Amino acid sequence: MSEQHTSLLARLQAGPVGDAESWINENSTRIRSLVATHGALLVRGLPISSRTTAVAAVRAAIGDGMAEREGFAPREAYGGGVYSSSYWSADQPMCMHHELSYVHTPPRILAFACVTPPESGGITALADARAVLRDLPTDLVERFERNGWRLTRSYNPLVGTRWQDAFGSEDRAEVERYCDENDLEAVWQADGTLKTVQNRPAVVAHPDTGERCWFNQVAFLNEWTMEPEVREFLVEEFGPESLPFNTFCGDGWPLDRSSVDDINKVYEAHTVREPWQRGDLLVVDNILTAHSREPYRGEREIVVGLGEPFRL
């Protein structure tokens, strides 16, 4: 077994392995130690050749899995906190974000297993949330640290996911209970669709080290990150106040294109990229490390696990 490191991403070459799940269980302490030290770990050389073996490997890597709630794009559930990657157009990027950073109880650990690498692109890129926080404009950080960030969502069947799928229920009363318990303002529209508003902290302290991390989806889910023609279509289709999702500072201050561009430029300055290979296992500390998905060509299958929920 060989080992290499960068400041953010550690790498392990597993060597001859008979069973990926057993190898992960036997090396779990080392895996978690490397993830805690660096923020992410890429393991190569595992015999992950099918969805079944990928699901087993991911379950072994995440430990206690958690169910996704409030997902912003459809995905297939494999049970135990394991899912397909989000169904998101292959030609559109998923910009840097922390998984489910808008819910009260997001996952602390993520695992990704590659069944089929794409023909080109499709990298799950990584960025150090501590370095991003350090290099963002001071006035922007101070405002978001003081007020948090706000996410507005208008669920509709055309873009993103239906509220029934996002909340895992067809029962309005059950959805309302969830919203009450998780500090979401919920408003039902006359056509039966749902609008929600929630404020969350934009900067969090890592529960082990106390390190301050930029932990949110302010840029990814903001209207100015969209391609201009996509934003124009959505504004025309739904109106500027009812976009499928949008973000603000927690005090209601709207971000302009320049501020969103500044955040994305800082992410890019701290981005680490490693193309997928069949059988790769990527384990990520979801607080220390943001991730993205780049556009791609060809078939791509990545199995994803959400583990160790923690309360913001």
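Scroll up a little and you will see the structure.
Residues numbered from 1 in each chain as written. Predicted model: local features only at pLDDT ≥ 70, side-chain atom pairs only at ≥ 80, totals over all residues. Heavy atoms only, no water.

> Looking at this model, I keep getting lost on the overall build of the chain. Mind explaining?
Counting its secondary structure elements, the chain contains 9 helices and 20 strands. Whereas a compact globule of 312 residues would reach a radius of gyration of roughly 20 Å, the chain reaches 19 Å, a difference of no more than 12%. Oriented by its inertia axes, the alpha-carbon framework of the chain measures out at about 60 × 45 × 35 Å. The buried share of the chain, reckoned over its 312 residues, is 54%. Residue pairs at least 24 apart in sequence account for 79% of intrachain contacts in the chain once pairs closer than 6 positions are excluded. Within the structure as shown, the chain displays about 13,400 Å² of accessible surface, and the carbon and sulfur contribution to it stands at 47%. Each charge sign in the chain was given a centre, from 30 positive and 47 negative side chains, and these centres are 2 Å apart. (Helix = DSSP H or I, 4+ residues; strand = E, 2+ residues; numbered from the N terminus. Rg over C-alpha atoms; globule rule 2.2 N^0.38 Å. Buried < 20%, exposed > 50% of the residue type's maximum accessible area, 1.4 Å probe, protein only. Contact = heavy atoms within 4.5 Å. Areas by Shrake-Rupley, 256 points an atom, 1.4 Å probe, with all protein chains shown as cover. Lys, Arg positive; Asp, Glu negative; His and termini not counted. Charge placed at Lys NZ, Arg CZ, Asp CG, Glu CD.)

> Got a minute to help me understand a negative patch on the surface in this structure?
Taken together, the side chains of Asp91, Glu227, Glu229, Glu232, Glu236 and Glu237 define an acidic patch exposed on the protein surface. Along the polypeptide, Asp91 turns up in the loop between strand E5 (82–84) and strand E6 (94–97). (Patch = residues over 30% accessible without salt bridge, like charges linked within 9 Å, V, L, I, M, F, W, Y side chains within 5 Å. Salt bridge = Lys/Arg side-chain N within 4 Å of Asp/Glu carboxyl O.)

> Help me out: how do you make sense of the pattern of salt bridges in this one?
Side-chain pairs of opposite charge can arise whenever the charged atoms involved come near each other. With the rule as written, the count across this model stands at 19 salt bridges. Where Asp128 meets Arg130, a salt bridge forms, and the shortest distance between an N and an O atom there is 3.0 Å. Salt-bridge contacts for Arg134 lead to Asp135; the nearest nitrogen and oxygen are separated by 3.0 Å. When its relative accessible area of 58% is taken as the criterion, Arg134 is described as exposed. Residues participating in the shared-partner salt-bridge network are Arg11, Arg44, Glu274 and Asp280.

> Would you take a moment to explain the sheet that holds strand E16 (residues 271–272) for this structure?
The pairing of strands in a sheet comes from backbone hydrogen bonds and takes either a parallel or an antiparallel form. Taken in spatial order, the 4 strands of this open sheet run E6-E18-E9-E16, and their pairing is antiparallel. Each having just a single partner strand, E6 and E16 make up the two edges of the open sheet. Strand direction decides the pairing type here: strand E9 (residues 126–128) and strand E18 (residues 289–293), joined by 3 bridges, are antiparallel. Paired with Leu126 across the bridge in E18 is His291. (Pairing = 2+ DSSP bridges.)

> Is there a simple way to think about the environment of Ala113 in this case?
Within the element layout of this structure, Ala113 appears in strand E7 (residues 107–116). Those residues in contact with Ala113 that lie beyond four places of it in its chain are Ile48, Ala54, Val58, Asp280, Leu281, Glu301, Ile302 and Val303.

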